[in-house]
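Spelled out, the chains give:
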Amino acid sequence: MKKMSLNLTLTPDRKAKLFIGFLRFCSWLPLPVAHLLGAIMGILYFPFAKRDKHIIRTNLTIAFPQYYAMARWWIKFRFFIHRGKTFTELGASWLWEKDRLLPLVKEVRGQAYLDDALAQGKGAMLLCPHWGAWELMGVYWSALYGITNLYQPPDYPEIADFIKHSRERMGANLVPTDVSGVRALLSALKQNQLIGILPDQDPGETGGIFAPFFGKPANTIVLVGKLLKRSQSPVLFTVCERLSWGRGYRVHIIPASSDINHEDQLVSATALNQGVEACVQLNPEQYVWNYKRWKRQPTC
């Protein structure tokens, strides 16, 4: 008689089902409960996250050398709490209906900047760093105005359709990170629409220039400057601050420096990074410090 064995192997398909199933579970929870669950997950993961803690410690030392070591440790610890909340709040961001989701935003600071930008008739470029509830930011603006965003499919194709549908369900238009996507961005601006770009990722070997970010060179996208040369559209930074105890969110809209439209790519990229720094300084613990932002460095 053959012995029966239990197959516990997590195939990519099973991982996808587990991921989506957990987010559906989180979507059934009120936001305070979802955030509490995320905070607990972050605290429990903290002692075992050796690799992430090393990356975060390195990044915080670069960004805040003037801080005492204990102050940087506290930001690192709080980061893991926010990381857990970032995951569990996806249930609301990706699955809640509009009438239930939008009231989570309790305050918008700087709305006049966006109103003035759209009044110019050239659309507006929204730069959204990986800070706070950045996934909610895209859904929020798509629900109110519609928005065209660059989209790069995740490493797990099993969840790509789910993520794309979740982000587009309220009016966003996700376009690929290639020439056709850039054309779509320019077309949206010409129609006085919003476009969204994540400005704080390494763009690779051909899409960036090294510009100071918290005082150290970081490979920085030049796409923003290229789009501005052709559109002359207003540029705004926008981030979604996560309020404590699941009380909701506060949206910040911050105008970019005029230097972001400078002909010199280095000046433009430096202005972009300074805008990201201003967003980070609103609450450093809500930034994605586990990303190797300074991994690539100039060779000469």
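It should be noted that the structure appears before, not after, this text.
Reading guide: rules and limits
Residues numbered from 1 in each chain as written. Predicted model: local features only at pLDDT ≥ 70, side-chain atom pairs only at ≥ 80, totals over all residues. Heavy atoms only, no water. Pairing = 2+ DSSP bridges. Helix = DSSP H or I, 4+ residues; strand = E, 2+ residues; numbered from the N terminus. Axes fitted to C-alpha atoms, helices over the stretch in contact; angles between N-to-C directions. Contact = heavy atoms within 4.5 Å. Phe/Tyr/Trp six-rings, centres within 6.5 Å; stacked < 30°, edge-to-face > 60°. Buried < 20%, exposed > 50% of the residue type's maximum accessible area, 1.4 Å probe, protein only. Lys NZ or Arg CZ within 6 Å of the ring centre and 35° of its normal. Arc of directions from axis to C-beta.

S.K.: Lay out the sheet that holds strand β5 (residues 194-197) in plain terms, naming residues and giving numbers.
M.R.: The seven strands are arranged β1-β9-β8-β2-β5-β3-β4 in an open sheet whose pairing can be described as mixed. Because the sheet does not close on itself, it has two edges, and the strands there are β1 (105-109) and β4 (172-176). Sheet twist, expressed as the mean angle between neighbouring strand axes with direction ignored, is 25°. Of the pairings in the sheet, the one linking strand β8 (residues 235-242) to strand β9 (residues 249-255) comprises seven bridges and is antiparallel in character. Its bridge partner being in β9, Arg242 is matched across the sheet by Tyr249. Against the sheet, helix α12 (residues 265-282) engages β2 (124-127), β8 and β9, with an angle of about 20° to β8.

S.K.: I'd like a description of the pairing of strand β6 (residues 208-213), backed by residues and values.
M.R.: Pairing of β6 with strand β7 (residues 216-221), which is carried by six bridges, proceeds in the antiparallel orientation. The residue bridging Gly208 from the neighbouring strand is Ile221, located in β7. Hairpin connection between β6 and β7: a loop of two residues separates the two successive antiparallel strands, and Phe214 in this loop has a positive phi of roughly 55°.

S.K.: Tell me about the packing of aromatic side chains, and please be specific about residues and values.
M.R.: Throughout the structure, instances matching the rule amount to 21 aromatic pairs. Their ring planes at 80° and their centres at 5.2 Å tell us that Phe46 and Phe80 sit as a pair that is edge-to-face. Linking Phe46 in the loop between α2 (31-45) and α3 (50-63) with Phe80 in helix α4 (residues 69-88), this pair joins segments that are 34 residues apart in sequence. What makes Phe46 buried here is its relative accessible area of 11%. Look at Phe80 and you get buried, because its relative accessible area is 1%. Each member of the aromatic cluster is reached from another via a ring pair, and the members are Tyr45, Phe46, Trp73, Trp74, Phe77, Phe79 and Phe80. In this structure, Lys53 is placed above the aromatic ring of Phe46, and the distance from its NZ or CZ to the ring centre is 4.6 Å.

S.K.: Could you give an account of helix α11 (residues 223-231), naming the residues involved and the relevant values?
M.R.: By the burial criterion, the buried members of α11 are Val224, Gly225, Leu227, Leu228 and Ser231. For α11, the buried positions fall inside an angular range of 160° around the axis, keeping them on one side. Pointing more than 90 degrees away from the buried face of α11 are the exposed residues Lys229 and Arg230. Contacts made by the buried residues of α11 are with β2, α10 (179-190), β5, β7, β8 and α12. Downstream of α11 by a residue or two, Gln232 has a phi angle that is positive, lying close to 55°.

Take it as geometry only, folks, not as evidence of what the structure does.
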